[in-house]
Amino acid sequence: MELMTEKYCIYTNNFTFVDNDGYVALCCKNLKHKLPYHIKEHKLSEIWNSKEMHEVRAEIANGGEPAGCFKCYDPERDGVRSFRQKALGMINNGVPFQDEKIHALDLRLGNVCNLACVMCFAGNSNKILHNHKSMAEHFNWKDGRLEKEAEKYHRSNYDWSDDPQAWDNIISSVDKNLKHVYLAGGEPFYLKNFPSTVERLGSLAPGANFVINTNGTRLLREKDLKQFKNVENVFIRFSVDGWGKANEWTRQGTNWEENLQVMEQYYNHFKLKVWDITANSLSVRHIPKLIKYLWENYPNAKVQIRPVINKTEILMENIPDRFKADSLEFFEKHKDKLEGVDHVINEMRKPFNNDMKRKKTVRHFVNYYDTHGALTFDSFDPELAEWINSDAEE
């Protein structure tokens, strides 16, 4: 039974989030409360017990809603399990901890990544940063934005995971009470010394679960596979967002045949815990086929799915209901087997935004990736592509 209440949040009380730039925020969904403490310069325990964190906890405990927390409160008001509720269910069976100790870590390890996913941004991928010049030209960025973002997202601002002091500041602040460590990037498997870092954390908290979120593009060397096996509970969350070309277009830089090979390696050598699907309006029609394949070939791994909610061009409301109907029917039929699908269904049921200006925004977005990517949208979804490129009213 879930005992979650609106006056408790696992993220502010027990689940520390270190962002890609090394600053601590309330969680990955709420960067409004980014604290003025960098993990290279402060012990995590100091940050966790800072005045700012105590104030946020008190606000929630008194029934308040901190700025930026609507991404959990809004779904809860709609009767949908929120991000914080799902996290508490996963880590402590839905039961709030009775202390303010760090029981879980969410560590975002910089922005080194080999992909430029359409729903992502330069803070999570330096590959997108490399594309900023062409994006500035295509999307007619305001004067100065290109230079400002080049400075903001420079590698030197996202290299905390290469700093031994930063790791000392984290590891000295946790103990055997640690139950869960989530490691994401960027792409963790492209970081220096990543296997040895996981091994070090594993020796500190041998009872913890270590979950690595990967884009599944890199076959690992035998020596790396052996080193990961020195840690008892290493689990993989494998991100994949569509079948075949739909995944290649959404996750720019992937190759589907190579993805399939990596799926096999990770499933055979790790405890592959979750297939992690991010659904957006341009890929959602190709997700049911993917899920059927995963269920058939990897029955021991769960499928988790979430909607894009923070990128206007690919919101579910952008396309007419007729294009989403089959996928929506599939999700509703299998909602007991798909973790998080209630949120996806909720987004898909929102009224279609039948506005030509929005449609042209989507068209301009698709055109950018068609022009600069390895394949075009109409190569895998000609029906939806025809609608996007038509000026006819729905």
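Check the entry above for the structure.
The structure contained in this document is the topic of the report that follows. (Residues numbered from 1 in each chain as written. Predicted model: local features only at pLDDT ≥ 70, side-chain atom pairs only at ≥ 80, totals over all residues. Heavy atoms only, no water.)

### Considerations on the state of the cysteines
To keep it simple, the criterion reads: The disulfide criterion used throughout: a pair of cysteine sulfur atoms within 2.5 Å. Each residue gets one of three labels from its accessible area relative to the maximum for its type: buried under 20%, exposed over 50%, partly exposed in between, using a 1.4 Å probe on protein chains only.
Under the criterion given, the structure shown has zero disulfides. You can see Cys-27 has no disulfide; the closest cysteine sulfur is in Cys-28, sitting 5.5 Å from it. Taking the relative accessible area as the measure of exposure, Cys-27 reaches 9% and is therefore buried.

### With respect to empty space enclosed by the protein
Worth spelling out the cut-off: Only protein atoms enter the 1 Å grid used here. Points where a 1.4 Å probe fits but cannot escape make up a cavity, open sets with protein on both sides within 12 Å along at least five of seven lines make up a pocket, and a residue lines them when an atom lies within 4 Å of a point. Grid points are joined across faces, edges and corners, and a volume is the space filled by probe spheres set on the points. To qualify as a helix, a DSSP run of H or I must reach at least 4 residues; to qualify as a strand, a run of E must reach at least 2; elements of each kind are numbered from the N terminus.
Across all of its chains, the model carries three cavities of 30 Å³ or more by this definition. If you trace the largest cavity, you find 15 residues lining it, with Cys-9, Cys-27, Asn-30, Cys-69 and Cys-72 closest to the centre. Every element with two or more residues in the lining of the largest cavity is listed here: α1 (10-13), α4 (70-77) and α5 (83-92). Top contributing element to the lining of the largest cavity by residue count: α4, with three residues.

### Quick notes on the nonpolar core
For clarity, the threshold we go by: Put simply, a nonpolar core is a bunch of buried Ala, Val, Leu, Ile, Met, Phe, Trp, Tyr and Cys residues held in one set by side-chain atoms that sit within 4.5 Å of each other.
In terms of nonpolar packing, the biggest core is built from 84 residues, with Leu-107, Trp-275 and Phe-331 touching the most fellow members. One finds Cys-113, Met-119, Leu-129 and Ala-246 within the second-largest nonpolar core, a separate group that totals 34 residues.

### Digging into the packing of helix α9 (residues 164-171) against helix α10 (residues 194-204)
For any two helices packed against each other, the geometry comes down to the angle between their axes and how far apart the axes lie. The cut-off we apply is this: Interaxial angles span 0 to 180 degrees and are taken between N-to-C directions of axes, which are lines fitted to C-alpha atoms, for helices over the stretch in contact. Roughly parallel means an angle under 35 degrees; roughly antiparallel, over 145; roughly perpendicular, 65 to 115; everything else is oblique. Two helices that cross are described as forming a left-handed crossing if the nearer one is turned anticlockwise from the farther one by less than a right angle, and a right-handed crossing if clockwise. Any two residues whose heavy atoms approach within 4.5 Å at even a single point are treated as in contact. Any residue that is not Ala, Val, Leu, Ile, Met, Phe, Trp, Tyr, Cys, Pro, Asp, Glu, Lys or Arg is counted as polar, Gly included; the first ten are nonpolar and the last four charged.
Remark: α9 packs on α10, axes separated minimally by 12 Å, with the N-to-C direction vectors making an angle of 20°. One element, α9, and the other, α10, form an angle in the roughly parallel class. As α9 packs across α10, the resulting crossing turns out to be right-handed. For the pair α9 and α10, contact is made by Trp-167, Asp-168 and Ile-171 and by Thr-197, Arg-200, Leu-201 and Leu-204, respectively. Across the contact of α9 with α10, the residue classes break down as four nonpolar, one polar and two charged.

### Focus on the pairing of strand β9 (residues 271-279)
Rule in force here: The criterion for strand pairing is that DSSP finds at least two bridges linking the strands in question. When the strands point away from the viewer, a crossover counts as right-handed if the path from the first strand over the helix to the second runs clockwise.
Taken across its nine residues, β9 has seven buried, putting it largely inside the fold. As judged from the five bridges shared by strand β7 (residues 234-239) and β9, these two strands associate in the parallel manner. What sits directly across from Arg-237, in β9, is Val-274. Pairing between β9 and strand β10 (residues 302-307): six bridges, direction parallel. Looking at β10, one finds that Ala-279 is bridged to Pro-307. Between β9 and its parallel partner β10, the chain crosses via helix α14 (residues 287-297), and the hand of that crossover is right-handed.

### Comments concerning the pairing of strand β1 (residues 15-18)
The alternating pattern of β1 places Phe-15 and Phe-17 and Thr-16 and Val-18 on opposite faces, both of which are buried. Pairing of β1 with strand β2 (residues 24-25) involves two bridges; the strand directions are antiparallel. By the bridge assignment, Val-18 is partnered in β2 with Val-24.

### Observations regarding the pattern of salt bridges
It is possible for side chains of opposite charge to pair when their charged atoms get near one another. We count it as follows: Basic side-chain nitrogens of Lys or Arg form a salt bridge, by our definition, when they fall within 4 Å of a carboxyl oxygen of Asp or Glu.
Within the structure shown, the criterion is met by 25 salt bridges. Notably, a salt bridge pairs Arg-84 with Glu-76, separated by 2.8 Å at the nearest N-O pair. In this structure Arg-84 comes out as buried when scored by relative accessible area, which is 2%. Residue Asp-168 is joined to Arg-200 by a salt bridge in which the shortest nitrogen-to-oxygen separation is 2.7 Å. Of this pair, Asp-168 sits in helix α9 while Arg-200 sits in helix α10, and the two are 32 residues apart along the sequence. Judged by its relative accessible area of 38%, Arg-200 is partly exposed. Among the charged side chains, a salt-bridge network with shared partners connects Asp-19, Asp-21 and Lys-34.

### So, the layout of surface pockets
Of the voids in this model, the second largest pocket is the one considered here, and its volume is about 220 Å³. Looking at the second largest pocket, the residues that line it are Phe-70, Lys-71, Asp-74, Pro-75, Asp-78, Ile-309, Leu-315, Glu-317, His-343, Asn-346, Glu-347 and Lys-350. At the level of secondary structure, the elements contributing two or more residues to the lining of the second largest pocket comprise α4 and α16 (341-348). Ranked by residue count, the leading element in the lining of the second largest pocket is α4, at four residues. The residue makeup of the lining of the second largest pocket, split by class, is four nonpolar, two polar and six charged.

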